[in-house]
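# Tertiary structure, described
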Amino acid sequence: LPEIRFDVLSAGFAVIATERSKRPRDFMPAEDKGDELPERDANCPFCPGNENETPPEITAKRPHGTALGSDWSVRVVPNKYPALVARPIDQGEDEAWRVPPFPGSPEATLYWQAAGAGCHEVLIESPAHNGSLGSYSTAHMKQVLDVIKERFAVIYDSKDIAYVQVFKNSGRIAGASLTHPHFQIIGLPVMPSAVLSEGMRLKEYETKTRRCLVCDLLEREVEKDVRLIDKGERFLALSPFASRYSYETLIVPTEHVSGFSEMSEAMTLDLAAVIVRLFGAYESMFSSLPYNMIFHGLPSGVKTKRGWPYHAHIHVYPRLNIEAGLELGSGTYINPTPPELATKEFAAAMQSWEAQECSIPD
Ligand SMILES: [Zn+2]
Ligand SMILES: [Zn+2]
Ligand SMILES: [Zn+2]
């Protein structure tokens, strides 16, 4: 059984995941050359036709509703090597699965730990082995986001889950162990420190100004217009003022919503369009780009009523720079690419990508 432990010095958590050590390291490792990949790979467990190589399917989108066929467009399966596991139904009230209350005093938290209850799912975002976010139609990207929204709603319903992290590792350097394009969904039994500290920043700002920090920031960025990459109807893509990574971006709804499951159809559709355009630009700038994409959102209702506000957003961290001693030691990043310059390059890349898209005959 995995364990989750609290680090008193950093206030961060570590999942001690014994299952993961069984993970075969040399099995279909992620490659870093997107252009040369085939559309199908007979040895890939995520390619259509190999459905029986994954654990039993959780959900999928199929045009004709045929169960378990190979005609899916998006598919969600449990991670074969989960970092966190669901509480077995027959151990519902078992003490071993109880998440201990967070102790208030520092000395009581020295060895805080809990069972690694949660879930770890894989969202196979496309049947195409060589698929990428910039290659999808807006309609397909919306389907991916619809499935993410559904999973958010279902997983947050579990009493063991305090936070759901959706993310994507693309490229070996960014931590992908399989090449086939996929997202991961992890349900955690605790609120992670990264989200907690953002939430606390928003709370502080709200106490002083009665406004949302992110809403205000977006307003300024639109006025200044030097870091704005894309302006959809309901979402913006921008280069953060203090970008830590070269070509780091942030995708944010202009309407104040705390989580992804609350987003309307129109918002989801616009988010899909902004993601496809942004990654179209990334992909025309870099032939293969390792990156991490991180969804930050909290559901409105019970779980955000702890007293702090939130504004949903997505971070994209290209992994072109090496995180070394300064970054790990001081949380201070050296970024050789001014975000204002990156923005100009994104704008040019987006134009050439759009011109190319328009010239492809149907
Ligand atoms: Zn594949
Ligand atoms: Zn806001
Ligand atoms: Zn964030």
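Here the structure is shown first, and the text comes after it.
What comes next concerns the included structure.

Scoring rules and cut-offs
- Residues numbered from 1 in each chain as written.
- Chains lettered and ligands numbered in written order.
- Predicted model: local features only at pLDDT ≥ 70, side-chain atom pairs only at ≥ 80, totals over all residues.
- Heavy atoms only, no water.
- Axes fitted to C-alpha atoms, helices over the stretch in contact; angles between N-to-C directions.
- Helix = DSSP H or I, 4+ residues; strand = E, 2+ residues; numbered from the N terminus.
- Parallel < 35°, antiparallel > 145°, perpendicular 65-115°, else oblique.
- Contact = heavy atoms within 4.5 Å.
- Pairing = 2+ DSSP bridges.
- Donors = N, O, S within 2.8 Å, 3.2 Å for Na, K, Ca; no water.
- Tetrahedral: all angles 85-135°; square planar, octahedral: opposite > 155°, others 65-115°.
- Buried < 20%, exposed > 50% of the residue type's maximum accessible area, 1.4 Å probe, protein only.
- Phe/Tyr/Trp six-rings, centres within 6.5 Å; stacked < 30°, edge-to-face > 60°.
- Lys NZ or Arg CZ within 6 Å of the ring centre and 35° of its normal.
- Salt bridge = Lys/Arg side-chain N within 4 Å of Asp/Glu carboxyl O.

## Examining the packing of helix H2 (residues 193-209) against helix H3 (residues 213-224)
Their axes nearest at 8 Å, the elements H2 and H3 cross at an angle of 80°. Overall, the two elements H2 and H3 adopt an arrangement that is roughly perpendicular. Together, Arg 201, Leu 202 and Tyr 205 of H2 and Leu 213, Val 214 and Asp 216 of H3 make up the contact between the two elements.

## Looking at the sheet that holds strand S11 (residues 249-253)
In sheet architecture, strand pairing relies on hydrogen bonds along the backbone and comes in two forms, parallel and antiparallel. Strand order in this open sheet of 10 strands is S3-S4-S6-S8-S7-S12-S13-S11-S10-S9, and the pairing throughout is antiparallel. The open sheet has two edge strands with one neighbour each: strand S3 (59-61) and strand S9 (228-231). Taken pair by pair, the neighbouring strands of this sheet meet at an average axis angle of 20°, ignoring direction. Bridge count between S11 and strand S13 (residues 313-318): 3 bridges; the pairing is antiparallel. Residue pairing in the sheet places Ile 251 in a bridge with Ile 314 of S13. The strands that H3 touches are S9, strand S10 (235-238) and S11; relative to S10, the one it contacts most, it runs at about 70°.

## Observations regarding the coordination of the zinc ion (ligand 2)
Protein-derived ligands of the zinc ion (ligand 2) are Cys 212 (SG), Cys 215 (SG), His 256 (ND1) and His 311 (ND1), with the metal-ligand distances lying across 2.0 to 2.3 Å. Coordination at the zinc ion (ligand 2) is tetrahedral: its 4 donor atoms span angles of 104 to 113° at the metal. A relative accessible area of 39% places His 256 in the partly exposed class.

## A word on the packing of aromatic side chains
Under the criterion given, the structure shown has 13 aromatic pairs. A centroid spacing of 5.1 Å and a plane angle of 45° characterise the contact between Tyr 245 and Tyr 317, whose relative ring orientation is tilted. With a gap of 72 residues between them, Tyr 245 in the loop between S10 and S11 and Tyr 317 in strand S13 connect regions that are remote in the sequence. Look at Phe 279 and Tyr 282: their rings are 5.1 Å apart centre to centre, the planes differ by 45°, and that puts the pair in the tilted class. Of the two residues, Phe 279 and Tyr 282 are both situated in helix H4 (residues 265-285); the distance of 3 residues between them amounts to about one turn of the helix. Summarising the burial analysis for this pair, Phe 279 and Tyr 282 share the class buried. Through a chain of ring-to-ring contacts, three or more aromatic side chains come together here, namely Tyr 247, Phe 279, Tyr 282, Phe 286, Tyr 291 and Phe 346. One cation-aromatic arrangement involves Arg 244 over Tyr 333; the distance from NZ or CZ to the ring centre is 5.3 Å.

## Some details on the coordination of the zinc ion (ligand 1)
Cys 44 (SG), Cys 47 (SG), His 129 (ND1) and His 180 (ND1) make up the full set of protein donors to the zinc ion (ligand 1), lying at 2.0 to 2.3 Å. For the zinc ion (ligand 1), the 4 donor atoms in the first shell make angles of 105 to 117° at the metal, so the coordination geometry reads as tetrahedral. Mapped onto the sequence, the donors of the zinc ion (ligand 1) take the spacing C-x2-C-x81-H-x50-H. Here Cys 47, found in the loop between strand S2 (13-16) and S3, pairs with His 180, found in the loop between strand S7 (163-170) and strand S8 (182-188); they are 133 residues apart in sequence, far enough to count as distant. For the pair Cys 47 and His 180, one class covers both residues: buried.

## Here we look at the pattern of salt bridges
Oppositely charged side chains can pair when the atoms bearing their charge come close. Applying the stated rule across the entire model yields 17 salt bridges. We note a salt bridge from Glu 206 to Lys 203, for which the minimum N-O separation is 3.9 Å. Highlighted residues: Glu 206 and Lys 203, both in helix H2, separated by 3 residues, approximately one helical turn. What makes Glu 206 partly exposed here is its relative accessible area of 31%. The class of Lys 203 is partly exposed, set by a relative accessible area of 32%. Close ionic contact of Glu 221 with Arg 227 constitutes a salt bridge, the shortest N to O distance being 3.0 Å. Across the pair, Arg 227 and Glu 221 agree in class, each one buried. Through salt bridges with shared partners, one network takes in Glu 57, Arg 62, Asp 71 and Arg 75.

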